[in-house]
Amino acid sequence: MNTYKTGIFAELVACVYLVMHGFRILQRRYITGRRTGRAEIDIIARRKNLLIFVEVKRRGDVITGLNAVTGAQSWRLRRAAETYIAQNHWAGDARFDIVVIAPHKIRWIRGAI
């Protein structure tokens, strides 16, 4: 399986995991626009009054997955989330999470970014 397909599969696993924890998936692979300094958000999900923006990383271990989210990427994710919130007039709570898919392990880090 190539890197692209592995990433798509990891996102699917993360979606199922979030749904099992009571979240409803609102959008996958949300992109605010190319060449605008913004990013793609892998998953946007909601549970009651909480909106989460999720970055999914598929790595060989959890620590490597966490370290894969750079400062520059965090900044772009925040900008993309601001755009989503403004476009959808969201007035509830929001946070950034990371889901790391490692062999035989899923790690969900809440409020990671």
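Quick caveat, the model's predicted, so the values are computed rather than measured.

A word on the UniProt feature "transmembrane region" (unreviewed entry) in the protein chain
Piece 1. Per the UniProt entry, the sites bearing "transmembrane region" (unreviewed entry) are residues 6–26 in this numbering.
Piece 2. Counted over residues 6–26, helix gives 71% and strand 14%. Its end C-alpha atoms are 22 Å apart.

Some details on unusual backbone geometry
Note on backbone geometry: most residues besides glycine have negative phi, and most peptide bonds are trans.
Piece 1. A positive phi angle, near 55°, is found at K48, a position not held by glycine.
Piece 2. When you line up the elements, K48 lands in the loop between β2 (40–47) and β3 (50–58).
Piece 3. The phi torsion at H89 lies on the positive side, around 55°, for a residue other than glycine.
Piece 4. Within the fold, H89 resides in the loop between α3 (71–88) and β4 (93–102).

Considerations on the pairing of β4
Piece 1. Within β4, seven of the 10 residues are buried, which leaves it mostly tucked inside the rest of the structure.
Piece 2. Here β3 runs beside β4; their pairing, made up of nine bridges, is parallel. From the neighbouring strand, L50 faces β4, where its bridge partner is D93.
Piece 3. Direction of pairing for β4 relative to strand β5 (residues 105–109): antiparallel, over a ladder of five bridges.

Rules used in this analysis
Counting restarts for each chain, with residues numbered from 1 along the sequence as it is written. Residue-level local features of this predicted model are given only where pLDDT is at least 70; pairs of side-chain atoms are given and counted only at 80 or more, and the full residue set underlies all totals for whole chains, interfaces and linings. Side-chain metrics in this entry use all non-hydrogen atoms of the structure; hydrogen atoms and water are not considered. UniProt positions are given in the numbering used here, feature names are shortened, and annotations may be inferred rather than shown by experiment. Comment: elements are numbered from the N terminus, with helices defined as DSSP H or I runs of at least four residues and strands as E runs of at least two. Each residue's exposure class comes from its accessible area (1.4 Å probe, protein chains only) as a fraction of the maximum for that residue type: buried when under 20%, exposed when over 50%, partly exposed otherwise. Paired strands, in this sense, are two strands between which DSSP finds at least two bridges.

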